Amino acid sequence: MGASSSNDGAVVDEGKGKIALKLGHQNYKVFPAERFEKQASQVTKIDLTHNKIDSLDFITSFPKLETLVMDGNLVTHKSSVPLHQKLRTLSLNSNQIGSRDTESNTSSGGSMFVDRLAKALPKLSFLSLHHNPGCPSYFNKAELTETELFRKYCIRKLRALEFLDAAPVTDEEREEAEEEFPSRKKLAHGSSTVSMRSVKSTRAVASSSNSADGFAASTPVKKEFYDPRKKQEVISIPCPNCKSSLVLPKTFIGTDQSCPSCRRVFIVQEPDPSQVSVPVIATPPP
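Draft legend 1. Looking closely at the environment of Asn-132. The topology assignment puts Asn-132 in the loop between strand 9 (126–128) and helix 2 (144–157). We classify Asn-132 as buried; its relative accessible area is 1%. Each C-alpha atom, one on Asn-132 and one on Asn-93, is 6.7 Å from the other, the two residues being 39 residues apart in sequence. In this view, Asn-132 contacts Leu-92, Asn-93, Ser-94, Asn-95, Gln-96, Ile-97 and Asn-140; residues no more than four positions away in its chain are not counted. Side-chain polar atoms of Asn-132 contact the backbone oxygen of Leu-129, separated by 3.0 Å.

Draft legend 2. Region of the structure containing the nonpolar core. By size, the foremost hydrophobic cluster in this structure holds 47 residues, and its most contacted members are Leu-21, Phe-31, Ile-46, Leu-48, Phe-58, Phe-62 and Leu-68. At the level of secondary structure, the elements contributing two or more residues to this core comprise strand 3 (18–22), strand 4 (43–47), helix 1 (110–120) and helix 2. Once you skip the residues sitting within four places of it in the chain, Phe-62 turns out to touch Leu-21, Phe-31, Phe-36, Ala-40, Val-43, Ile-46 and His-84.

Draft legend 3. Representation of the packing of aromatic side chains. Per the counting criterion, the structure on display carries seven aromatic pairs. Seen from their ring centres, Tyr-138 and Phe-139 are 4.4 Å apart, and the 65 degrees between their planes marks the pair as edge-to-face. What makes Tyr-138 partly exposed here is its relative accessible area of 35%. Take Phe-139: its relative accessible area is 14%, and that puts it in the buried class.

Draft legend 4. Structural context of the packing of helix 1 against helix 2. Direction vectors running N to C along helix 1 and helix 2 enclose 15 degrees, while the axes themselves pass 10 Å from each other. On the basis of their axis angle, the class for helix 1 and helix 2 is roughly parallel. Seen from above, helix 1 lies across helix 2 with right-handed handedness. For the pair formed by helix 1 and helix 2, the contact residues are Gly-110, Ser-111, Val-114, Asp-115 and Ala-118 on the first element and Phe-150, Tyr-153, Cys-154 and Lys-157 on the second.

Draft legend 5. Structural context of unusual backbone geometry. For Lys-16, which is not glycine, the phi dihedral falls at a positive 55 degrees. By secondary structure assignment, the location of Lys-16 is in the loop between strand 2 (11–15) and strand 3. Classification of Lys-16 by relative accessible area gives exposed; the value is 88%.

Draft legend 6. Quick peek at a negative patch on the surface. On the surface, Glu-148, Asp-171, Glu-172, Glu-175, Glu-176 and Glu-179 cluster together into a patch of negative charge. Tallying contributions element by element places helix 3 (residues 171–180) first for the negative patch, with five residues. Relative to the elements of secondary structure, Glu-172 occurs in helix 3. Its relative accessible area of 53% is what places Glu-172 among the exposed residues.

Criteria and thresholds
- By convention here, each chain's residues receive numbers from 1 onward along its written sequence.
- With the structure being a predicted model, the display of local features is reserved for residues of pLDDT at least 70 and the display and counting of side-chain atom pairs for 80 or more, all residues being used for whole-chain, interface and lining totals.
- Remark: hydrogens and water are excluded; side-chain values derive from all non-hydrogen atoms of the structure.
- Secondary structure counts use DSSP, requiring at least four H or I residues in a row for a helix and at least two E residues in a row for a strand, with both numbered from the N terminus.
- Each residue gets one of three labels from its accessible area relative to the maximum for its type: buried under 20%, exposed over 50%, partly exposed in between, using a 1.4 Å probe on protein chains only.
- Contact between two residues is taken to exist if any of their heavy atoms lie within 4.5 Å; hydrogens are not considered.
- What qualifies as a polar contact is a pair of N or O atoms within 3.5 Å, subject to a donor-acceptor requirement within protein and to the restriction that residues adjacent in sequence count only when both atoms come from side chains.
- By nonpolar core we mean a set of buried residues, namely Ala, Val, Leu, Ile, Met, Phe, Trp, Tyr and Cys, connected to one another through side-chain atoms within 4.5 Å.
- Working definition: a ring pair exists when centres of Phe, Tyr or Trp rings (six-membered ring for Trp) sit within 6.5 Å. Plane angles under 30 degrees give stacked, over 60 give edge-to-face, the rest tilted.
- A fitted line through C-alpha atoms serves as each axis, taken over the contacting stretch for helices, and the angle formed by two N-to-C directions is quoted from 0 to 180°.
- In this scheme, roughly parallel covers angles under 35 degrees and roughly antiparallel covers those over 145, while 65 to 115 is roughly perpendicular and the rest are oblique.
- A clockwise turn of the near helix away from the far one marks a right-handed crossing, whereas an anticlockwise turn of less than a right angle marks a left-handed crossing.
- A patch is a set of surface residues, each over 30% in relative accessible area and not in a salt bridge, joined within 9 Å for like charges and within 5 Å for the nonpolar side chains Val, Leu, Ile, Met, Phe, Trp and Tyr.
- Only the protein chains shown count as cover for residues, and all accessible areas are computed by the Shrake-Rupley method using a 1.4 Å probe.
- A side-chain nitrogen of Lys or Arg and a carboxyl oxygen of Asp or Glu constitute a salt bridge if their distance falls within 4 Å.
- Residues counted as positive are Lys and Arg, residues counted as negative are Asp and Glu, and His and the chain ends are not counted.
- By convention, the point assigned to a charge is CZ for Arg, NZ for Lys, CD for Glu and CG for Asp.

Spelled out as structure tokens, the structure:
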């Protein structure tokens, strides 16, 4: 049985007691939670692509929310992120998270926002932050070393993370992130794996985020980072405009997405099984 919709297509019944809200391009400045009070307990997916919302406070109205797409909004590194135990997929491409100093070619604020996510979203496994000034990447012309350091910081802080900016998180990256950003416990015991470079990296990222606690407030290192049985299903699809291959959670099917390479907005369709290709990371524009 296919999905059905109501409220001018805004409320989509996806079956099995799950509801998706498709609210892209509505010029919302504040999320109209009261409009969906009756369906709130069944909503698992919300698409708010290209609005003017600057806070995630509304997610507390949807206790079963698993997927939130907010590309092209006004979220900043100081935006509120309330505690939510179910949210696993978060896309915040093209927001206003952090800032970038063009003279020194350095970013700030991105790690502060990651700290907020780590405290509020314990099950976050897919995160996309392309085209945010405080999140170093090739899209804002950041140096490779800064880009790699920020990725490691995200992996180290977000313990359930499986995909970051459309690239899967590998076991090797988890180990490197642990070495780059040792926990307070490791620092206190003077572990031989902690290098001066690691300590400097920790201080640098914490300082750039203007975070009060920085990385040192993280929890002790655990042997198990995530449960592989709970990994998300993902799909590989080509951008209909530039043909870059994008790796996205399967829950993104039917939502608006913007290609990180060409920024074209398109609706994610179910991929043709006969044409599924090996996933690759989208390349930056020339």
